[in-house]
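Fold and contact review
The primary structure of each chain is shown beneath.
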Amino acid sequence: MKIQASLLPALALLMAQPVYGEVVDISTPGTSLILDAVKGQPLKILYYGAKLSDADKGMLDVAGGMNLNAYPVYGLNPQSEAALSVTHTDGNRTTDVAVQDVKTSTDKDGAKVTTVYMTDTAYPLNVNLNYRTYPGQDVIETWAEIENGEKGTVTLNRFMSGYLPVRYGNVWLSSLYGTWADEANLTEEPLPHGVRMIKNKDGLRNSHTSHGEVMLSLDGKPRENEGRVIGAALCYPGNYKLFVDTDDSNYHHFFAGINEENSEYHLKKGETFTTPELALTYSDEGLSGVSRNFHKWGRKYRLHDGDKERKVLLNSWEGVYFGINEEVMAGMMEDIASMGGELFVMDDGWFGDKYPRDVDNSSLGDWVVDTNKLPNGINGLLETAKKNGVKFGIWIEPEMTNTVSELYEKHPEYIIKAPKREVVKGRGGTQLVLDLANPKVQDLVFEVVDTLMTKYPEIDYIKWDANAPIMEHGSQYLTADNQSHLYIDYHKGLIKTLDRIRAAHPNVTIQACASGGGRANWGFLPWFDEFWLSDNNDALQRVYMQWGTSYFFPAIAMASHISASPNHQTFRRIPTKFRADVAMSGRLGLEMQPRDMNDEDKAICRQAINDYKKIRPIVQFGDLYRLQSPYDKKGVASLMYVTPEKDDAVFYWWKIETFMGQQLPRIPMAGLDPDKTYTVTELNRIDNEPLPYEGKSFTGRYLMDNGLEMPLTYKVDYNKNTDYASRVLRLTAK
Ligand code: DGJ
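Because the structure is predicted, anything quoted here is derived from the model rather than measured. (Residues numbered from 1 in each chain as written. Predicted model: local features only at pLDDT ≥ 70, side-chain atom pairs only at ≥ 80, totals over all residues. Heavy atoms only, no water.)

Within the protein chain one finds 14 helices and 36 strands. Expected size for 734 residues packed as a compact globule is a radius of gyration near 27 Å; at 27 Å, the protein chain falls within 12% of this value. When its C-alpha atoms are laid out on the principal axes, the protein chain stretches across 85 × 70 × 45 Å. Here the protein chain, with 734 residues, has 61% of them falling under the buried criterion. Long-range pairs, those at least 24 residues apart, make up 69% of the contacts in the protein chain with a sequence separation of at least 6. Looking at the protein chain as shown, the accessible area adds up to about 28100 Å², and 50% of this sits on carbon and sulfur atoms. Computed over 78 positive and 98 negative side-chain charges, the inter-centroid distance for the protein chain is 1 Å. (Helix = DSSP H or I, 4+ residues; strand = E, 2+ residues; numbered from the N terminus. Rg over C-alpha atoms; globule rule 2.2 N^0.38 Å. Buried < 20%, exposed > 50% of the residue type's maximum accessible area, 1.4 Å probe, protein only. Contact = heavy atoms within 4.5 Å. Areas by Shrake-Rupley, 256 points an atom, 1.4 Å probe, with all protein chains shown as cover. Lys, Arg positive; Asp, Glu negative; His and termini not counted. Charge placed at Lys NZ, Arg CZ, Asp CG, Glu CD.)

Structural data, given as structure tokens:
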């Protein structure tokens, strides 16, 4: 229809003053998300941000809200981006959904779920939009369910978890990018016109190159402890797509969900497709405020055993690589025990009978002990661990096999492979990925873990690795017409398997490792207790990687190990004190051969472990305040953790550059109670003399207004001075 020019102002007025129907208020203690659900009309989103009073809620219509479709669908007015695009049974590519009903229910953990039921106006296709809130949490999880009530198969071309319009303005995007050994670099940019997209297509791992989480700062250049910020985390272990479309309207349009490329989904009659959750949060306390919201919610409701302290461990990988044998393992257990550690983890290289795993080109799938290396098997290792008073953990890579393996010889049909193509091989020139879309492979992976845990119930920790992407698009299990389901069905299969594993073995700690930091995503963490952040343990680079990772993930989940100097990736030489001070801001561990350490280094590690145990509850359960970003290039980075009661805190300060005449900023602290008095104790102290404020007390107000002056070097014997300096201070309220 062509609209007469004279009618345009009247139409504009009509559009500016929409008629509101049933207001659906998805509130959390500090935020409001307001929807307008009028029966027979499209669902509208009116507001997302700081908590609204009832009075202000009632004024949204005259104030002028966003009043945009809460879950835009494709077809009518197809110029704009959509969250859902469907081809109906009869080939019609348009969808038009209208509200039928709104219901609330109580979910697991006392969470409240609000569901808006919508149906296509011409087809029996239901789209239910869900919003979950938890008591005391400022995070809203949203996801969609698409139910096919049509007579035949419906094809889903796009199926996002959620959409959020953000008022056009000086909005900045913070996100993480990287690569192997250089994960989680922070990038901050004003949103450009057009589309800014973040995506993943690895198939298996999804946080090496870019991360499925972002922050949107609404008040210009992002600040750590001030300003309005929206955070969004897609909780999905597979391929994802997040994008912001800044078009000619007054909005930046944010979408997040499964990456639909090469993944169109055929939904059979009667079937329902459920998208993964998109977790949204908002804070007016800057980026750190959003991080605290994610951490608090994640520890309580997403991370496996997020309320249990994590042990201090030694992992064998960088210490001995494939050089595993009984004597070496026993030595490592003895050494970590003598330094106060609580757990020893035997990494890659312990298995394989017909094909022993001596390098990375064989044996995955053959999860039997190599008795040449370990004549007394796992039981022997468990006994040695017990003798030393430490727990024992083990490495596996259950989603994989090699062309050189007994598993592959028996079951070549289990691997991911396209017909008529040579199989594409990965690590070691032989690695292959098992097809978890296949229920038989799901059983196999379950049995790998179940057998290990049933035979050796004393295993305390599993490092679950995944060192390959999906290397060719082909499932030997899926039918020819459903090959596009591979990426999605792989992860459905993985989740099913993880559910079974956790039902049978709820207490074993499991680390999500994937060639370093490939699996740092909330979509994995319901089954995993932590993730390996990177194969790069260089403490200087870790300051940056851990900084970025802390935007979305709490320290309890972030494994952080003291490794050898020179570092195995960067070859940088960093003193043990600095390496320890960086590692003890996450889940502390060691990643080296203690037999290669001198007595002084061992003493520093012993002290770090001892000191870490004292502050472990603050680091692992406290509130994070990032203070000085390494990305600001001020020569120093600093952050702190504070208990929720604000009675105990730990402050980290790392000098990341050294120049003579350097003027480093003094760092005001944050998160303390201004009226409490805190006594300062330095941890990991190496100086001959204590700091001038050691044992002295300051009000929280003084510390937050001024901070404390940090000396640039240590008071140590001349030959022990280095170009690195760092401090860890504990602040205990009286
Ligand atoms: C990759 C992991 O990131 C490393 O920590 C180590 O476990 C190796 N795999 C073992 O192959």
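Back to the write-up after that little detour.
This brings us to the environment of M118. One can find M118 in strand β7 (residues 112-120). Judged by its relative accessible area of 2%, M118 is buried. C-alpha of M118 to C-alpha of L43: the two residues are 75 residues apart in sequence and 8.1 Å apart in space. When neighbours within four sequence positions are excluded, M118 is seen to be in contact with L43, V97, A98, V99, Q100, L125, N126, V127, N128 and L129.

This part takes up the site of the ligand. Around the ligand, a shell composed of 13 residues is seen, among which D347, D348, K463, D465 and D535 lie nearest. Within the side chain of D347, an N or O atom sits 2.8 Å from an oxygen atom of the ligand. The protein chains hide 98% of the 290 Å² of surface that the ligand would expose on its own. Here the residues of the shell around the ligand sort into four nonpolar, three polar and six charged. (Near = heavy atom within 4 Å. Polar contact = N/O pair within 3.5 Å; in protein donor to acceptor, adjacent residues only side chain to side chain. Nonpolar A, V, L, I, M, F, W, Y, C, P; charged D, E, K, R; others polar.)

Pairing geometry for strand β6 (residues 97-106) and β7, over nine bridges, is antiparallel. Each bridged residue has a counterpart across the sheet, and for A98 the counterpart in β7 is T119. One ladder, built from eight bridges, connects β7 with strand β8 (residues 125-133); its direction is antiparallel. From the neighbouring strand, V113 faces β8, where its bridge partner is R132. (Pairing = 2+ DSSP bridges.)

Rolled over the atoms, a probe as big as a water molecule pinpoints where empty space is left. Of the pockets and cavities examined, the largest pocket occupies roughly 1200 Å³. As for the largest pocket, its lining consists of 49 residues, and the residues nearest its centre are Y134, E141, C235, Y301 and R302. Looking at the lining of the largest pocket, the elements with two or more residues in it are β9 (139-148), β19 (272-274), β20 (277-283), α4 (286-301), α10 (486-504) and β31 (623-628). Here the lining of the largest pocket gets seven residues from one element, more than from any other, and that element is α4. Split into classes, the residues belonging to the lining of the largest pocket amount to 18 nonpolar, 14 polar and 17 charged. Every residue lining the second largest pocket is counted, 28 residues in all, and those nearest its centre are N69, P72, L76, N77 and S80. Broken down by secondary-structure element, the contributors of at least two residues to the lining of the second largest pocket are β4 (68-69) and β17 (251-258). Grouping the amino acids of the lining of the second largest pocket by side-chain chemistry returns 15 nonpolar, eight polar and five charged. (1 Å grid on protein atoms, 1.4 Å probe; cavity = no way out; pocket = protein on both sides within 12 Å on 5 of 7 lines; lining within 4 Å. Points joined across faces, edges and corners; volume = space filled by probe spheres on them.)

This part is about the nonpolar core. Of all hydrophobic cores here, the largest spans 130 residues; its most connected members are M329, M346, W350, F392, I462, W464 and Y652. In this structure, W350 is in contact with I324, W367, V368, V369, D370, L374, I378, I394, W395, I396 and L452, ignoring residues within four places of it in sequence. Ranked by size, the runner-up nonpolar core spans 61 residues in total, among them L33, L43, M66 and A83. (Core = buried A, V, L, I, M, F, W, Y, C linked by side-chain atoms within 4.5 Å.)

A few words now on the packing of aromatic side chains. All chains considered together, the criterion is met by 27 aromatic pairs. Between the aromatic rings of W350 and W367, the centroid separation amounts to 6.1 Å while the plane-to-plane angle is 35°, which identifies the pairing as tilted. Here W350, found in the loop between β22 (343-346) and α7 (377-388), pairs with W367, found in the loop between β22 and α7; they are 17 residues apart in sequence, far enough to count as distant. Neither residue differs from the other here; W350 and W367 are each classed as buried. Their ring planes at 85° and their centres at 5.9 Å tell us that W464 and F528 sit as a pair that is edge-to-face. Linking W464 in strand β26 (residues 459-464) with F528 in the loop between β27 (509-512) and β28 (530-532), this pair joins segments that are 64 residues apart in sequence. Like F528, W464 is buried. (Phe/Tyr/Trp six-rings, centres within 6.5 Å; stacked < 30°, edge-to-face > 60°.)

Within the fold, G340 resides in the loop between α6 (326-338) and β22. Considered as a pair, G340 and G586 are 246 residues apart in the sequence and their alpha carbons are 17 Å apart. Discounting chain neighbours no more than four positions away, the residues touching G340 are I609 and K613.

What follows concerns the sheet that holds strand β2 (residues 31-37). In spatial order, the strands read β1-β2-β3-β4; together these four strands make up an open sheet with antiparallel pairing. Both outer strands of the open sheet, β1 (22-27) and β4, are each paired with one neighbouring strand and no more.

This next bit is on the sheet that holds strand β34 (residues 677-683). Spatially, six strands are ordered β31-β32-β33-β36-β34-β35 in an open sheet, and the strand pairing comes out antiparallel. Both outer strands of the open sheet, β31 and β35 (697-699), are each paired with one neighbouring strand and no more. The sheet shows a mean angle of 25° between the axes of neighbouring strands, taken without regard to direction. On top of the sheet, helix α12 (residues 576-583) reaches β33 (648-655), β34 and β36 (725-733); it is set at about 45° to β36, its chief contact. (Axes fitted to C-alpha atoms, helices over the stretch in contact; angles between N-to-C directions.)

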